[in-house]
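# Summary of the model geometry
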Amino acid sequence: MNEQKSSQQLSLEKDYEEYVKKITPTHNLLLQMLKAFITGGIICVLGQFLLNYAKNSLGMDKDTAGSFCSLVLVLTSVLLTGFNLYSPIVKFGGAGALVPITGFANSVASPAIEYKKEGQVFGVGCKIFTIAGPVILYGIFTSWVLGLVYWIGKASGIL
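Residues numbered from 1 in each chain as written. Predicted model: local features only at pLDDT ≥ 70, side-chain atom pairs only at ≥ 80, totals over all residues. Heavy atoms only, no water.

## As for unusual backbone geometry
With a phi angle near 60°, asparagine 84 is a residue other than glycine that sits in the positive phi range. On the secondary structure map, asparagine 84 appears in the loop between α3 (62–82) and α4 (86–93). By relative accessible area, asparagine 84 is classed as exposed at 54%. (Helix = DSSP H or I, 4+ residues; strand = E, 2+ residues; numbered from the N terminus. Buried < 20%, exposed > 50% of the residue type's maximum accessible area, 1.4 Å probe, protein only.)

## Digging into the layout of surface pockets
In this structure, the largest pocket encloses a volume near 170 Å³. If you trace the largest pocket, you find it lined by Thr39, Ile42, Ile43, Leu46, Leu73, Thr76, Ser77, Leu80, Tyr86, Ile89 and Thr102. Only α2 (29–56), α3 and α4 provide two or more residues apiece to the lining of the largest pocket. Broken down by class, the residue content of the lining of the largest pocket amounts to 7 nonpolar, 4 polar and no charged. (1 Å grid on protein atoms, 1.4 Å probe; cavity = no way out; pocket = protein on both sides within 12 Å on 5 of 7 lines; lining within 4 Å. Points joined across faces, edges and corners; volume = space filled by probe spheres on them. Nonpolar A, V, L, I, M, F, W, Y, C, P; charged D, E, K, R; others polar.)

## Regarding a negative patch on the surface
A surface patch of like charges, here negative, comprises Glu13, Asp15, Glu17 and Glu18. Secondary-structure assignment places aspartate 15 in helix α1 (residues 2–23). (Patch = residues over 30% accessible without salt bridge, like charges linked within 9 Å, V, L, I, M, F, W, Y side chains within 5 Å. Areas by Shrake-Rupley, 256 points an atom, 1.4 Å probe, with all protein chains shown as cover. Salt bridge = Lys/Arg side-chain N within 4 Å of Asp/Glu carboxyl O. Lys, Arg positive; Asp, Glu negative; His and termini not counted. Charge placed at Lys NZ, Arg CZ, Asp CG, Glu CD.)

## Focus: the state of the cysteines
Where two cysteines share a covalent bond between their sulfur atoms, that bond is called a disulfide. Tallied over the entire structure, the rule returns 0 disulfides. The thiol of cysteine 44 is unpaired, and the distance to the nearest cysteine sulfur, on cysteine 69, comes to 9.3 Å. By relative accessible area, which is 53% here, cysteine 44 ends up exposed. (Disulfide = S-S within 2.5 Å.)

## Some details on the packing of aromatic side chains
Inspection of the entire model under this criterion finds 2 aromatic pairs. Their ring planes at 20° and their centres at 6.3 Å tell us that phenylalanine 49 and tyrosine 53 sit as a pair that is stacked. Taken together, the residues span about one helical turn, with phenylalanine 49 and tyrosine 53 both in helix α2 at a distance of 4 residues. Exposure remark for phenylalanine 49: the relative accessible area of 53% places this residue in the exposed category. Seen from their ring centres, phenylalanine 141 and tryptophan 144 are 6.2 Å apart, and the 25° between their planes marks the pair as stacked. Residue phenylalanine 141 and its partner tryptophan 144 are located together in helix α8 (residues 132–156), separated by 3 residues, close to a single helical turn. Relative accessible area serves as the criterion here: at 52%, tryptophan 144 is assigned to the exposed category. (Phe/Tyr/Trp six-rings, centres within 6.5 Å; stacked < 30°, edge-to-face > 60°.)

Put into structure tokens, the structure is as follows:
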């Protein structure tokens, strides 16, 4: 009976391995990179169009046009997230949709929308920075450390 049990066990393990192979998604790295390149490229072309439009048609200076471009991209990303249209873009483009400023806006807006039903304070207020919070925290901390190093370098005459 012990041998029979072990053969049943082996059969189950083999069936399980076949099942896992069957349901595990396979990824084509080159295709994923191409999709990310195309998606990120479209976002960058849109950003460049907004920047040129703001400078040439609206008469904004370089810094104001850059701010305008960032605001429009963030607003567009938040609206697309709110209408549940940004997730298909991310599913298609992967990092191409997540790395630009639009992906950051999506990472802030998504938890806010998801936890809205828990209330303004304990839902949106507490959960809005679940994903983006560490990015903001470490970005600010790193810039503070680098600023301190720069200040010490300037004060000591090294820089």
